[in-house]
Amino acid sequence: MNDFLSTPIEFLKGVGPQRAELLRKELNIHTFEHLLNHFPFRYIDKSFYNTISELPYIEGHTQLKGRIVGIDDNQKGKQKRLTVKFQDHTGIIELTWFQGIKWIKPSLQLHREYQVYGKAKFFGNSFSIPHPDIIPIDQADPNKGLKAVYSSTEKLNSKGLHSKGIEKLTSALAQQLNNHIREILPHSILSKFQFIPRETAFKQIHYPQNLEFAERAKQRLKFEELFFLQLELLIRKHISLQKTKGIIFPEVGSVFMDFYENHLPFPLTNAQKRVVKEIRSDFKSGHHMNRLVQGDVGSGKTLVALLTMLMAVGNGYQAAIMAPTEILAQQHLETIKEFTKNLPIKVEKLSGNVKQSVRKVLHQELENGEIHILVGTHALIEDKVKFKNLGVVVIDEQHRFGVAQRAKLWRKNVQPPHILVMTATPIPRTLAMTVYGDLDVSVIDELPPGRQPITTAHYFEESRLKIFGFIRKEIEKGRQVYIVYPLIQESETLDYNNLMEGYEAITRYFPRPTYQVSMVHGKMKPEDKDFEMKLFVEGKTQIMVATTVIEVGVNVPNASIMIIESAERFGLSQLHQLRGRVGRGSEKSYCILMSGNKISKESKKRLETMVRTQDGFEIAEVDLELRGPGDILGTQQSGMLDLKIADLAKDNHLVVQARDTAREILNDDPNLAKPEHQQIKEVLISIMKKKPNWSKIS
Ligand code: ADP
Ligand code: MG
């Protein structure tokens, strides 16, 4: 261990025991090294002044020089506020405070010259800066220039360790670095990407000489972090491949060939072919397959699942496909039975709805191997359900299944069955690469031919009658319509009322017996839900009023309109899923997003994105940008997303570079045995040691 870097933090000048205690508790900073790894999140550039006339062209923070020409602390309504008029030779703006007024006010004098720093916002028809930093010009820091800004906490603030206090410490420490930080990336990588040396990067990130250097420091440190993460993931995957022997299916088998040559209902798309080939090569390899298939809604995942299962069956194994809901399981059963009606195989369904007596028979037939393909809900992972020899399990719409449930499947056979996970929720490639680092990822990036694009439009309440008129015309043509309402936990009652009101309005406008309206929502009993759903699937009702319970997977090709009410409240991936319910047949389909007149910037961006594109991956990228990776993936995998400096959402190209570089190095030197990789290996081992449950690398 490097002595300098491991020096306890209280020995840094300006720290002392009290502050050290706080730094440890609040920021987990115990040593010099930890402090160096507390990175700034932006920089203040005080090297120049803007003028007020430039404000419309400035994004982010700005520094101004001018005089106070008015001070007003009248109470407006209930809220206290202080408003200052601030003028330079080009114009006048307001500075406002809502808090800390009694501290700020005494330091402000009319007609005195000040330096002001903050973020200008456009309000009404003029600019104002809320809560700016303000100091008399004659007291301004003569050492102007670039300063790093750090996150802090309330407790640290109280001991003078606000951003500025921390900056004093880090910049002092950065200036003491003198061959204390050794390089850990091999020369080949440094020169390939023209990265600055590691020590320089640490100096420049905390105490930059200019913005360009700060940026280069950031890039280099981000790459380093991502590179080690990717190395770790690739090695972990390698180890798990070696540990788990996979069942080998030596051939594709006669059932597969019979189906493929004689009964395929339509030619496979190239993307489907490619994915089936990838799966085929997993099955031959002797490795245990853990593969994620991402394919947009309607890309034909079911057929890929079936072909996968037929390979197992042809090799004397059983196969199972698991869907998140009863309706979906039923649909899969029907589709698969239809596809395989000419094949000598037995397909059955097991779900919560199946009667006890029937279930007993099913259990029996599974154990003696009579059933070849089992379709089911999560009922099929119950311990009671035993197979003779389960060879592969397909999990459809995986985001509804937890990791624990997936793990249970492993134990369904002496040798764990191969696992194919299918999802229609596209995850941006760079994120998938990281979060599903242990899964192989296949992508069906092509829709079957002949699909008409879905027309998507955004409307406000005042167009409702026009839209109802449009629905009526489509129904007259024999089409069906979904109308979906949001249902979000916190405002459940309110949402429920909205749904009911909506339902009443719709039944008034579309009265029986000419029109039949179904309704499905989360408060209904499952049997009632299924009953209503079935009416719609069978075309007995023309309108389906629902909450998002219908989001996943339902296939009603005759439905041509999807209306989403309060669309501004839905997330992007949800909107995309919902839209995927239409456009499944040969008819032209429409998705109509209804929203209130006042919507947030973010909602607007979501709706615009939906109107602009139908490409699930593009939508996923925007979603990632808006929400960040943690929200998209849930807390489950968030540990992996605990990055110090890199950002999986924003640093796309660095993730790819890091992944490619890590892969190249491991291809060339799988055990990191070469002398030039010793440094990397050492760092990697120390990283992996800190994580429990991780196997050692040799
Ligand atoms: P998803 O990927 O959303 O699960 P499905 O498997 O339900 O999609 O397929 C959507 C529709 O496309 C189904 O009606 C299916 O029969 C049809 N389909 C699948 N593959 C093809 C193909 N290669 N050519 C034409 N139609 C196809
Ligand atoms: Mg599907």
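Residues numbered from 1 in each chain as written. Chains lettered and ligands numbered in written order. Predicted model: local features only at pLDDT ≥ 70, side-chain atom pairs only at ≥ 80, totals over all residues. Heavy atoms only, no water.

**Q** Would you mind showing me how to read the site of ligand 1 here?
**A** Near ligand 1 there are 15 residues, and of these Q272, G298, K301, T302 and R451 occur at the shortest range. Contact distances for ligand 1 include 3.1 Å between an oxygen atom and a backbone N or O atom of G300. A distance of 2.6 Å separates an oxygen atom of ligand 1 from a polar atom in the side chain of T302. Coverage of ligand 1 by the protein amounts to 81% of the 560 Å² it exposes when considered alone. (Near = heavy atom within 4 Å. Polar contact = N/O pair within 3.5 Å; in protein donor to acceptor, adjacent residues only side chain to side chain. Areas by Shrake-Rupley, 256 points an atom, 1.4 Å probe, with all protein chains shown as cover.)

**Q** Just checking my understanding: could you explain the confidence of the model for the protein for this structure?
**A** Detailed reading of the predicted coordinates is not advisable wherever pLDDT falls low. Considering every residue of the protein, the mean pLDDT works out to 87; 92% of them sit at 70 or more. Across the protein, element-level confidence peaks in helix α11 (residues 301-314) with a mean pLDDT of 97 and bottoms out in helix α22 (residues 629-633) with 60. Segment residues 692-698: pLDDT under 50, and 15 contacts once partners within four positions in sequence are set aside and those in other chains are kept. (pLDDT = per-residue confidence, 0-100. Helix = DSSP H or I, 4+ residues; strand = E, 2+ residues; numbered from the N terminus. Contact = heavy atoms within 4.5 Å.)

**Q** Sorry if this is basic, but what is going on with the nonpolar core here?
**A** A general trend in soluble globular proteins is that nonpolar side chains are found buried together. Core analysis: the largest hydrophobic core is formed by 41 residues, its most contacted members being L310 and I373. Only α9 (254-263), α10 (270-285), α11, β11 (318-322), α12 (326-339), β13 (373-376), β14 (390-396) and β15 (418-423) provide two or more residues apiece to this core. Not counting the four nearest positions on each side in its chain, L310 is found in contact with V252, V255, F256, F259, L343, I345 and I373. Listed in part, the 35 residues of the second largest apolar core include L190, L431, L624 and A658. (Core = buried A, V, L, I, M, F, W, Y, C linked by side-chain atoms within 4.5 Å. Buried < 20%, exposed > 50% of the residue type's maximum accessible area, 1.4 Å probe, protein only.)

**Q** Even after reading the chapter, I still don't get the domain arrangement of the protein, so can you show me in this structure?
**A** Accessible area lost on assembly of the parts is the figure often given for the size of an interface. As assigned here, the protein comprises domain 1 (48-143), domain 2 (254-285 + 300-423) and domain 3 (454-613). Distance from the C-alpha centre of domain 1 to the C-alpha centre of domain 2: 66 Å. (Domains from an automatic or database assignment.)

**Q** Explanation requested: the sheet that holds β15 in the structure shown.
**A** The strands making up a sheet are joined through hydrogen bonds of the backbone, oriented either antiparallel or parallel. Spatially, β12-β13-β11-β14-β15-β10-β16 is the arrangement adopted by the seven strands of the open sheet, whose pairing is parallel. At either margin of the open sheet sits one strand with a lone partner, and together these are β12 (347-350) and β16 (440-444). Each strand axis lies, on average, 20° off the axis of its neighbour in the sheet, ignoring direction. The pairing of strand β10 (residues 290-295) with β15 spans five bridges and is classified as parallel. (Pairing = 2+ DSSP bridges. Axes fitted to C-alpha atoms, helices over the stretch in contact; angles between N-to-C directions.)

**Q** Hey, could you run me through the side chain of D296 in this one?
**A** Along the chain, D296 turns up in the loop between β10 and α11. Buried and unpaired, D296 has no salt bridge, with K301 as the nearest side chain of opposite charge at 6.9 Å. Here D296 is in contact with K301, A424, I444, H576, Q614, D615 and G616, once residues within four sequence places are set aside. (Lys, Arg positive; Asp, Glu negative; His and termini not counted. Salt bridge = Lys/Arg side-chain N within 4 Å of Asp/Glu carboxyl O.)

**Q** Would you take a moment to explain helix α20 (residues 601-612) for this structure?
**A** In an α-helix there are 3.6 residues to a turn, and that puts residues three or four apart on one side. Taking 1.5 Å per residue, 12 residues should reach 16 Å; α20 reaches 16 Å between its end C-alpha atoms and fits that length. S603, R606, L607, T609 and M610 are the residues of α20 that are buried. The buried residues of α20 occupy an angular sector of 155° when the element is viewed end-on, so they sit on one face. Facing away from the buried side of α20 by over 90 degrees, the exposed positions are K601 and R612. For α20, the elements touching its buried residues are β17 (455-460), α19 (572-579), β22 (590-595) and α21 (616-627). (Expected span 1.5 Å × (residues − 1). Arc of directions from axis to C-beta.)

**Q** Where do I start with the pairing of strand β2 (residues 61-72) in this structure?
**A** The side chains of a regular strand alternate between both faces of the sheet. As judged from the seven bridges shared by β2 and strand β5 (residues 113-119), these two strands associate in the antiparallel manner. Bridging across to β5, G66 finds its partner in Y114. Strand direction decides the pairing type here: β2 and strand β3 (residues 82-88), joined by five bridges, are antiparallel. Looking across to β3, one finds that R67 is bridged to Q87.

**Q** Teacher, can you tell me more about unusual backbone geometry here?
**A** In most cases, non-glycine residues show a negative phi, while peptide bonds are predominantly trans. The residue after R512, namely P513, is reached through a cis peptide bond having omega 0°. As for its position among the elements, P513 is in the loop between α17 (492-509) and β19 (517-520). Residue N28 is not a glycine yet carries a positive backbone phi of 60°. When you line up the elements, N28 lands in the loop between α1 (16-27) and α2 (32-36). The exposed category is assigned to N28, whose relative accessible area is 53%. In this model, Q194 sits at a positive phi of 55°, which is unusual for a non-glycine residue. Counting through the fold element by element, Q194 comes out in the loop between α6 (187-193) and α7 (198-206). What makes Q194 exposed here is its relative accessible area of 59%.

**Q** Any chance you could explain the pattern of salt bridges here in plain terms?
**A** A side chain with one charge may pair with a side chain of the opposite charge, provided their charged atoms come close. With the rule as written, the count across this model stands at 33 salt bridges. Salt-bridge contacts for R464 lead to E461; the nearest nitrogen and oxygen are separated by 2.6 Å. The class for E461 is partly exposed, based on a relative accessible area of 46%. Here D668 ties to K674 by a salt bridge, and the two come within 2.9 Å at their closest N and O atoms. Classification of D668 by relative accessible area gives partly exposed; the value is 44%. Look at K674 and you get partly exposed, because its relative accessible area is 31%. Where salt bridges share partners, they join E10, E21, R24 and K25 into one cluster.

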